[in-house]
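# Summary of the model geometry
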Amino acid sequence: MRRIAVRGVACVALLGVIAAAGAGSQQPRADQQEGPQQGYAKAAPAQRADATRVFLGLGAVPDKAAAARGGPLFAQNCAFCHGEKARGATGPSLITSDQVLADNHGEHLAQFLRKGIPEKGMPAFASMADQQLTDIAEFLHQQVEDVANRGAYHVLNIVVGNAAEGKAYVESHCMQCHTAETFAHFASKFRSPEQLQGNWIWPRRSAQMTAHVKTAEGTVAGRVTQISDFRITLVDAAGKTAVIDRKPGVEVTIDDPLAAHQEMVMTLGNDAMHNVTAYLETLK
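First things first, this report covers the structure right here in the doc.

Reading the values: rules and limits
- Residues numbered from 1 in each chain as written.
- Predicted model: local features only at pLDDT ≥ 70, side-chain atom pairs only at ≥ 80, totals over all residues.
- Heavy atoms only, no water.
- Helix = DSSP H or I, 4+ residues; strand = E, 2+ residues; numbered from the N terminus.
- Buried < 20%, exposed > 50% of the residue type's maximum accessible area, 1.4 Å probe, protein only.
- Areas by Shrake-Rupley, 256 points an atom, 1.4 Å probe, with all protein chains shown as cover.
- Pairing = 2+ DSSP bridges.
- Axes fitted to C-alpha atoms, helices over the stretch in contact; angles between N-to-C directions.
- Core = buried A, V, L, I, M, F, W, Y, C linked by side-chain atoms within 4.5 Å.
- Contact = heavy atoms within 4.5 Å.
- Salt bridge = Lys/Arg side-chain N within 4 Å of Asp/Glu carboxyl O.

### Details of the overall build of the protein chain
- A count of helical and extended segments in the protein chain gives 14 helices and 5 strands.
- Put simply, the protein chain has 284 residues, and 35% of those count as buried.
- Taken as a whole, the protein chain presents about 17400 Å² of accessible surface, with 56% of it coming from carbon and sulfur.

### Here we look at unusual backbone geometry
- With a phi angle near 65 degrees, Ala-86 is a residue other than glycine that sits in the positive phi range.
- Of note, Ala-86 is situated in the loop between helix H6 (79-82) and helix H7 (98-101).
- The class of Ala-86 is buried, set by a relative accessible area of 0%.

### A look at the sheet that holds strand E4 (residues 241-245)
- Strand order across the open sheet formed by 5 strands is E4-E3-E2-E1-E5, with antiparallel pairing between neighbours. The sheet is open, and its two edges are formed by E4 and strand E5 (251-255), each paired on a single side. Between one strand axis and the next, the sheet turns through 40 degrees on average, direction left out of account.
- Pairing between strand E2 (residues 218-227) and strand E3 (residues 231-235): 4 bridges, direction antiparallel. Pairing of Arg-223 across the sheet is with Val-235, part of E3.

### Focus: the nonpolar core
- Of all hydrophobic cores here, the largest spans 21 residues; its most connected members are Phe-74, Ile-136 and Leu-140.
- Every element with two or more residues in this core is listed here: helix H5 (64-77), H7, helix H8 (109-115) and helix H9 (130-148).
- The biggest single contributor to this core is H9, with 6 residues.
- The residues contacting Leu-140, other than those within four sequence positions of it, are Phe-74, Ala-86, Leu-94, Val-100 and Leu-109.
- In this structure, Leu-196, Ile-201, Leu-268 and Val-276 belong to the second largest nonpolar core, which totals 17 residues.

### Observations regarding the pattern of salt bridges
- On inspection of all chains with the given rule, the structure shows 7 salt bridges.
- With a closest N to O distance of 3.0 Å, Arg-69 and Asp-135 form a salt bridge. With Arg-69 in helix H5 and Asp-135 in helix H9, this residue pair connects regions lying 66 residues apart in the sequence.
- Residue class for Arg-69 comes out partly exposed when judged on its relative accessible area of 42%.
- The exposure class of Asp-135 is buried, given its relative accessible area of 4%.
- One salt bridge in this structure joins Lys-284 and Glu-281, with 2.8 Å as the shortest N-O distance.
- Residue Lys-284 is classed as partly exposed on the basis of its relative accessible area, which comes to 42%.
- A cluster of three or more residues bridged by salt bridges with shared partners is formed by Asp-50, Arg-53 and Glu-145.

Right, here's the structure in full:
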């Protein structure tokens, strides 16, 4: 399928589009450099939508005006079987229909709708004007866009928690490692609540994970570059790489600066997440 086939290439393009979006702006300092994910999060909604469209291979941008005209036509002629928004009813969902996904602006879909598939219960719309058929096609493309293009999603207000309870959570769960001044500084770094929430739950790693590995031949210590249940790879202070199988008798001791956050994520509920975000917003 055309839209899916381009996904692998588009993965690189997604990052490239976002990088290009900021190419003309002031260069950040070395300690302020951002990865692709941070750049994507800070991009304008239209940039995120365009980049995600390329990434997913969603094809041409739907004609919103035509889609608006096609909505009532679809409701009158098609919604009974396919649902109000084409998500399916007694008939199949059209969001993943090959007929829809292989079309851009009705060049194929209008002809298909005109003929229908009477033998399978799909009526022909032979008397419908070409523009009306194209409008229905654009309506369907808009439904695909609404479902598939997460870059076009609008984040609603997430500051819905109880700040006082969030403060209590922070005092009981976070003060072993952080200070009140740390949180005030941290909160001021992020302009939007969603950026703040994502980063307090899992902050950018500022220090590498290190490990001591004890084997029958001795102990190796260094920065962890790869780890699995079967093997660990370290780079020691001299830059030498050691690949060690985690077989019986091998003892691995990990020092991960984000270990506490990893433990917290396993128990963090929605209420606590929203409460802490609400509290941190008060510190800006």
